[in-house]
Amino acid sequence: MKQYNVAVVGASGAVGEELFRVLEEADFPVGNLLPLASANSAGNMIEFAGKEYKIEELTETVFEGRDIDIAFFSAGGSISAKYARYAVESGAVVIDNTSHFRMMERVPLVVPEVNPQDIELWEDTGIIANPNCSTIQMVQLLKPLHDLYGIKRVDVSTYQATSGAGKAGMEELVRQMQDFFAFKLGETEVKAFAHQIALNVIPHIDVPQPNGYTKEEMKMVNETNKIMDENFAISATCVRVPVLRSHSESITITFKEGVDVSVAEARRVLSEFENVTVIDDIENNQYPMPITATDTDETYVGRIRKDIYAPNMLHIWGVADQVRVGAATNAVRIAQKWIELED
C-alpha cells in the first residue's frame with residue numbers, strides 16, 4: 001500500500017494526541033510523521049506505532065522539503081490562518097480542525113458519511129475543513145432521516161462536555177470536584193468557563209452574537225446547511241455540562257407537511273447508516289449516554305419517538321465522543337476518503 005507523509009499541527013494538544021491514536025488504530029498508511037507544535041512543546045517526544053518522534057516547532061518554513069502529503073491542523077483558528085497556506089504551498093492537503101476555514105465558499109466542509117463528494121473540491125484551495133464537533137454528530141443523524149422524509153426544521157439543545165474546551169476544561173472540572181470534596185468549592189478557580197462548571201450547567205458556549213445566539217450555536221446552524229447543501233430552519237441552544245468527555249444532543253426534527261413519521265422506519269434508516277448505532281430500549285434502561293460513547297468512533301442514537309401532537313415531528317437523543325467522532329476520527333476519515341479519490 002502506498003504510504004503518505006503526515007504532519008500533525010497541535011501535536012501536544014487533546015485533539016492532536018487523539019489523532020495519533022486514531023491514525024494508529026485505523027492502520028493509516030503513514031510514511032514519515034512530522035509532529036508540530038509551539039515553541040513551548042518543541043523538543044517533547046510523542047510515541048506513534050512503536051516509535052518515538054520529537055515535536056518540532058511550527059514555523060513558516062518547517063514544511064519546506066519535507067514532502068508532506070497530508071497536514072492535520074488542530075492548534076486553533078489563528079494558527080491555521082497563519083500557517084495552513086505554507087503547508088498547501090509545499091504540496092500538502094490541509095485537513096483543518098478549526099473554525100477558520102469552515103464557512104469559506106471555496107473550502108469544502110466535510111463529514112464523510114454525509115457529503116463525501118465534496119472532498120473532490122479540495123484542489124481549489126488545498127484545504128478541507130472539519131466541522132464543529134456538535135455539528136458532525138448531528139448531521140450524521142439528520143442525513144438518513146432527511147433522505148427518508150425531507151426535513152423542514154431542526155431544534156437542538158446540546159449537552160457539551162468540558163473536553164470541548166480542551167485539556168484546560170477537563171482539568172478545571174476535575175480540580176473543582178476535588179475542591180468540592182475538600183469543602184473548598186467556594187474558593188475554587190474559575191478560568192476555563194464563565195462560571196463554575198462542577199455541579200452546574202452553563203447555557204453559554206462561545207461568543208454572544210447580535211441575534212442573541214452564541215457563535216457555537218450559529219456554527220451548528222450555518223455548518224449544517226453547508227454540509228447537507230440545504231437551507232432548512234435550525235435553532236440551537238448550546239450548554240456546557242459537568243461531563244469530562246462526549247457531547248449529547250436532544251434533537252427535534254420537523255419534517256415536511258404531510259409526512260406521517262414512522263418510528264420503526266426512522267430506527268431502520270438510522271441503524272443502517274454508516275457509523276451510527278441505535279440504542280433505544282427505555283423499558284430496559286437502554287439509551288446512549290456519554291459513558292457509552294467515550295473512546296469510541298460511533299455516533300449513538302436513542303429515545304426515538306414521534307411527537308404526541310404533530311405527526312410530522314420526531315424527537316431523538318444523540319451522543320458521540322467529540323474528541324474522536326467530533327474531531328480526530330472525522331479528520332482521519334476525511335483523509336481516508338481523500339486517498340480513495342486520489343487513487
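Please refer to the structure higher up on the page.
## Here's the deal with the overall build of the chain
- Within the chain, the regular secondary structure consists of eight helices and 14 strands.
- Overall, the C-alpha framework of the chain stretches about 65 × 55 × 40 Å when taken along its three principal axes.
- Looking at the chain as a whole, 52% of its 343 residues qualify as buried.
- Across the chain, every contact between residues at least 6 apart in sequence was considered, and the portion connecting residues at least 24 apart equals 68%.
- Surface exposure of the chain reaches about 15,400 Å², of which carbon and sulfur atoms provide 48%.
- If you average the places of the 30 positive and of the 51 negative side-chain charges in the chain, the two averages end up 3 Å apart.

## Describing the sheet that holds strand β7 (residues 93-96)
- Taken together, six strands build an open sheet; the order of strands is β5-β2-β1-β6-β7-β8 and the sheet is parallel. Pairing within the sheet leaves two strands with one partner each, and these edge strands are β5 (56-57) and β8 (127-129).
- In the sheet, strand β2 (residues 30-37) pairs with β5 via two bridges, with the strands oriented parallel. Looking across to β5, one finds that Ala37 is bridged to Glu57.
- Where helix α1 (residues 14-25) meets the sheet, its contacts fall on β1 (4-9), β2 and β6 (70-73), and the angle it forms with β1 comes to roughly 155°.
- The strands touched by helix α8 (residues 324-342) within the sheet are β1, β6, β7 and β8, with β6 carrying the most contacts at an inclination of about 160°.

## Focus on the sheet that holds strand β14 (residues 313-320)
- Strand order in the open sheet made by the six strands is β10-β9-β11-β14-β13-β12, with mixed pairing throughout. Lying at the two open borders of the sheet, with one neighbouring strand each, are β10 (233-240) and β12 (276-278). Within this sheet the neighbouring strands show an average axis-to-axis angle of 20°, counted without direction.
- Bridge analysis of strand β9 (residues 151-160) against β10 gives eight bridges, and the strand direction is parallel.

## A closer look at unusual backbone geometry
- Residue Ala49 is not a glycine yet carries a positive backbone phi of 50°.
- Relative to the assigned elements, Ala49 resides in the loop between β3 (45-48) and β4 (51-54).
- Positive phi, normally seen in glycine, also occurs at Arg303, with a value near 50°.
- Mapped onto the elements, Arg303 comes out in strand β13 (residues 299-306).

## Examining the packing of aromatic side chains
- Here the structure, examined in full by the defined rule, presents eight aromatic pairs.
- Both rings, one in Trp122 and one in Trp338, keep their centres 5.6 Å apart while their planes meet at 80°; by these two values the pair is edge-to-face. With Trp122 in the loop between β7 and β8 and Trp338 in helix α8, the pair connects residues that are 216 residues apart, well separated along the chain. When sorted by exposure, Trp122 lands in the same class as Trp338, which is buried.
- Ring geometry for Phe180 versus Phe181: centroids 5.0 Å apart, planes at 75°, classification edge-to-face.
- Note on Phe180: relative accessible area 33%, which makes it partly exposed.
- Overall, Phe181 belongs to the exposed group, its relative accessible area being 61%.
- Following the ring pairs from residue to residue traces out a cluster consisting of Tyr4, Trp122 and Trp338.

## A closer look at helix α5 (residues 215-228)
- When the terminal C-alpha atoms of α5 are compared, their 20 Å separation across 14 residues agrees well with the 20 Å that a helix rising 1.5 Å per residue should span.
- Counting buried positions over the 14 residues of α5 gives 10, a clear majority of the element.
- Elements that come into contact with the buried residues of α5 comprise α3 (133-149), β9, β10 and β11 (247-255).
- Downstream of α5 by one or two residues, Asp229 has phi in the positive range, about 55°.

## Considering the pairing of β13
- One ladder, built from three bridges, connects β12 with β13; its direction is parallel. In the sheet register, Val278 faces β13, and the bridge partner there is Val301.
- Between β13 and β14, which follow one another and run antiparallel, lie six residues.

## Some words on the pattern of salt bridges
- A complete count under the given rule lists 26 salt bridges for this structure.
- We note a salt bridge from Asp280 to Arg267, for which the minimum N-O separation is 2.7 Å. Here Arg267 lies in helix α6 (residues 263-272) and Asp280 lies in the loop between β12 and α7 (290-293), a separation of 13 residues in the sequence.
- Counted as one network, the salt bridges with shared partners bring together Glu18, Arg21, Glu25, Arg245, Asp295, Asp297, Asp321 and Arg324.

## Digging into the environment of Ile128
- Relative to the assigned elements, Ile128 resides in strand β8.
- Expressed as a C-alpha distance, the spacing of Ile128 and Arg106, which sit 22 residues apart in the sequence, is 9.6 Å.
- Setting aside residues no more than four positions away along its own chain, Ile128 makes contact with Val93, Val94, Ile95, Asp96, Val107, Pro108, Val110, Ile119, Trp122, Ile334 and Trp338.

The rules behind each value
Residues numbered from 1 in each chain as written. Predicted model: local features only at pLDDT ≥ 70, side-chain atom pairs only at ≥ 80, totals over all residues. Heavy atoms only, no water. Helix = DSSP H or I, 4+ residues; strand = E, 2+ residues; numbered from the N terminus. Buried < 20%, exposed > 50% of the residue type's maximum accessible area, 1.4 Å probe, protein only. Contact = heavy atoms within 4.5 Å. Areas by Shrake-Rupley, 256 points an atom, 1.4 Å probe, with all protein chains shown as cover. Lys, Arg positive; Asp, Glu negative; His and termini not counted. Charge placed at Lys NZ, Arg CZ, Asp CG, Glu CD. Pairing = 2+ DSSP bridges. Axes fitted to C-alpha atoms, helices over the stretch in contact; angles between N-to-C directions. Phe/Tyr/Trp six-rings, centres within 6.5 Å; stacked < 30°, edge-to-face > 60°. Expected span 1.5 Å × (residues − 1). Salt bridge = Lys/Arg side-chain N within 4 Å of Asp/Glu carboxyl O.

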